[in-house]
Amino acid sequence: MFQTLYHKPPINAEALFRELLELREIISPYVGDTVTYLHQALQNGKSILLEGQLGAMKDPDLGMVPMTTSSHTLAGFGCVGAPVPPTTIHDVTKAYSSCVGAQTEPFVSELLGEAGAELRRRGGDQGEFGATTGRPRRVGWFDTVATKYGCMVQGATEVALTCLDVLSYLDEIPVCTAYEVDGQVTKSFPVPALLSRAEPIFTTLPGWKSDIRGITDYQALPANAKAYVDFIAQEIQTPIKMVSTGPKRHEIALHP
């Protein structure tokens, strides 16, 4: 009997063609001129959500080479796959840091031990674990040096800060605001060759120690939570216009 490359029975061309015709009928209502559709939505003042992967530090050109992925992760490259102009792109960042990768990769503000395990357990929607593999992600304190760099290379005009509610259990919240590299303090993100020698310099802010899950009125947030947001915005030199207080789509507070 004829053997295929994958050691499976040969494909029945007629049956496959009939299946494709059935799929065509399911897909056809969603086929259209996406260029015109999206630009009309922009003209009507609607928001367009593009889903990306990873972050600026995993970009093969401007990230932490060679600890990067194979495709571009900058927000501007969303314009390549989706017909929207670069001027419409904003930026998103978490209220703390997370990383997927080997322990040998630089992660300046990484939080280890029991404290790291606690943040990992509380983070994300159901903890900071890979959705497919279940592999635990590395977590750390918010890094304003790396985030400011990410905003700069992506041309971000404003930021959405997610997962603010995750930090509600903390008495104090360290924020990495500078690096020390070979005895020199810098707030500029170093080239990859120097990153492995960078040590974090932290500014510690008071926590708010209250449950803010689901709050949609920004003014209803505790004073220390708003101070945390404002401090980060000042450090990354980009306004934060949206704060998420939970993983659900409606759990969002707009910063005035």
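Anyway, here's the lowdown on the structure attached to this text.

Conventions adopted
- Residues numbered from 1 in each chain as written.
- Predicted model: local features only at pLDDT ≥ 70, side-chain atom pairs only at ≥ 80, totals over all residues.
- Heavy atoms only, no water.
- Helix = DSSP H or I, 4+ residues; strand = E, 2+ residues; numbered from the N terminus.
- Buried < 20%, exposed > 50% of the residue type's maximum accessible area, 1.4 Å probe, protein only.
- Contact = heavy atoms within 4.5 Å.
- Areas by Shrake-Rupley, 256 points an atom, 1.4 Å probe, with all protein chains shown as cover.
- Lys, Arg positive; Asp, Glu negative; His and termini not counted.
- Charge placed at Lys NZ, Arg CZ, Asp CG, Glu CD.
- Core = buried A, V, L, I, M, F, W, Y, C linked by side-chain atoms within 4.5 Å.
- Patch = residues over 30% accessible without salt bridge, like charges linked within 9 Å, V, L, I, M, F, W, Y side chains within 5 Å.
- Salt bridge = Lys/Arg side-chain N within 4 Å of Asp/Glu carboxyl O.

### Examining the overall build of the protein
In terms of regular secondary structure, the protein is built from seven helices and nine strands. If you line up the protein on its principal axes, its C-alpha atoms span 70 × 45 × 30 Å. Looking at the protein as a whole, 39% of its 256 residues are labelled buried. Pairs at least 24 apart in sequence give 66% of the contacts found in the protein among residues at least 6 apart. Accessible surface for the protein amounts to roughly 15400 Å². Of this, 56% is attributable to carbon and sulfur atoms. Counting 21 positive and 28 negative side-chain charges, the protein places the averaged centre of each group 3 Å from the other.

### Digging into the nonpolar core
General note: in soluble globular proteins, nonpolar side chains tend to be found buried as a group. Residues L119, L164, L167, W208, Y228 and I240 are the most contacted members of the largest nonpolar core, which totals 35 residues. Put simply, the parts of the chain that give this core at least two residues each are β4 (159-162), β5 (172-181), α7 (223-236) and β8 (240-244). Considering each element in turn, this core owes the most residues, seven residues, to α7. Beyond its immediate sequence surroundings of up to four residues, I240 is in contact with V159, L161, V229, I232, A233 and H255. In terms of nonpolar packing, the next biggest core, distinct from the first, is built from 13 residues, A146, C176, Y179 and F189 among them.

### Regarding the environment of L161
Positionally, L161 belongs in strand β4. Through-space distance from the C-alpha of L161 to that of V229 is 8.0 Å; in sequence the pair is 68 residues apart.

### Looking at a nonpolar patch on the surface
A contiguous nonpolar patch, built from I11, L16, L20, L23, I26, I27 and V31 and spanning about 690 Å² of accessible area, is present on the exposed surface. Among the secondary structure elements, L20 is positioned in helix α1 (residues 13-27). The exposure class of L20 is partly exposed, given its relative accessible area of 47%.

### As for the side chain of D165
Topologically, D165 is positioned in the loop between β4 and β5. An unpaired buried charge is present at D165: no salt bridge exists, and R213, the closest side chain of opposite charge, is 4.7 Å distant. Ignoring any residue separated from it by four or fewer positions in sequence, one finds D165 in contact with I212, R213, S244, T245 and G246.

### Brief notes about unusual backbone geometry
Although it is not a glycine, D182 adopts a positive phi angle of roughly 55 degrees. Here D182 lies in the loop between β5 and β6 (184-186). The class for D182 is exposed, based on a relative accessible area of 51%. For Q237, which is not a glycine, the phi torsion comes out positive at approximately 60 degrees. Topologically, Q237 is positioned in the loop between α7 and β8. Residue classification places Q237 among the exposed residues on the basis of a relative accessible area of 63%.

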